[in-house]
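Summary of the model geometry
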Amino acid sequence: LKQFVEWGDEVGIGIVTVWGLSTENLTRDSAAVGPLLGVIEELFTDLAVTGRWRIRLVGDASLLPESMQCALAAGEMAGAGSDGMTVNIAIAYGGRHALRDAVQAHLPAAAE
């Protein structure tokens, strides 16, 4: 994935989105998901520390372990000032979950 992001940057792509883990995958056996979360966190951090790109979490961070939430937030801040490509990493992201959140966000306005 690092090579893919670097390639995208080299050819001038402005935004790359990588889907790392769905919300549905988080319901699987923690013995299988735990190591994968570590790999995803490492990828996120490795991309962020380069300072070359703006790294963004796309998904529901509240579904992730607290230590991972902190590492991802630090990664987002590390690249916030970069004028390079935006790299979205979808973690704890799912279509149903996103639709639910969008509807819930608009409910208060509709009730007024």
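Described below are features of the structure shown in this document. (Residues numbered from 1 in each chain as written. Predicted model: local features only at pLDDT ≥ 70, side-chain atom pairs only at ≥ 80, totals over all residues. Heavy atoms only, no water.)

Take the overall build of the protein chain next. Along the backbone of the protein chain there are 4 helices and 3 strands. Element order for the protein chain, N to C, with α for helix and β for strand: α-β-α-β-α-β-α. With respect to the principal axes defined by its C-alpha atoms, the protein chain has extents near 45 × 40 × 25 Å. In the protein chain, which comprises 112 residues, the share counted as buried stands at 32%. For the protein chain, the proportion of contacts with a sequence separation of at least 24, taken over those separated by at least 6, is 80%. Accessible area for the protein chain stands at about 6800 Å²; split by element, carbon and sulfur atoms hold 58% of it. Treating the 7 positive side-chain charges of the protein chain as one cloud and the 14 negative ones as another, the clouds have centres 5 Å apart. (Helix = DSSP H or I, 4+ residues; strand = E, 2+ residues; numbered from the N terminus. Buried < 20%, exposed > 50% of the residue type's maximum accessible area, 1.4 Å probe, protein only. Contact = heavy atoms within 4.5 Å. Areas by Shrake-Rupley, 256 points an atom, 1.4 Å probe, with all protein chains shown as cover. Lys, Arg positive; Asp, Glu negative; His and termini not counted. Charge placed at Lys NZ, Arg CZ, Asp CG, Glu CD.)

The next thing to look at is the pairing of strand β3 (residues 86–93). Most of β3 is tucked away, with 7 of its 8 residues classed as buried. Pairing analysis gives 7 bridges linking strand β1 (residues 15–22) to β3, with the strands arranged parallel. By the bridge assignment for β3, Leu21 is matched with Ile91. Pairing analysis gives 5 bridges linking strand β2 (residues 54–58) to β3, with the strands arranged parallel. The residue bridging Arg56 from the neighbouring strand is Asn88, located in β3. Assessed by its sense of winding, the connection that carries the chain from β2 through helix α3 (residues 66–78) to β3 is left-handed. (Pairing = 2+ DSSP bridges. Right-handed = clockwise from strand over helix to strand, strands pointing away.)

Relative to the 28 Å expected for 20 residues at 1.5 Å per residue, helix α2 (residues 30–49) spans 28 Å between its end C-alpha atoms, a close match to the ideal helical length. Those residues of α2 lying buried are Val33, Leu37, Ile40, Leu43, Phe44, Leu47 and Ala48. Projected down its long axis, α2 shows its buried positions confined to an angular sector of 130 degrees, all on one face. Exposed residues on α2 whose side chains face more than 90 degrees from its buried face are Ala31, Pro35, Val39 and Val49. The secondary structure elements touched by the buried residues of α2 are α1 (2–10), β1, β2, α3 and β3. (Expected span 1.5 Å × (residues − 1). Arc of directions from axis to C-beta.)

Honestly, it's all geometry; don't read function into it.
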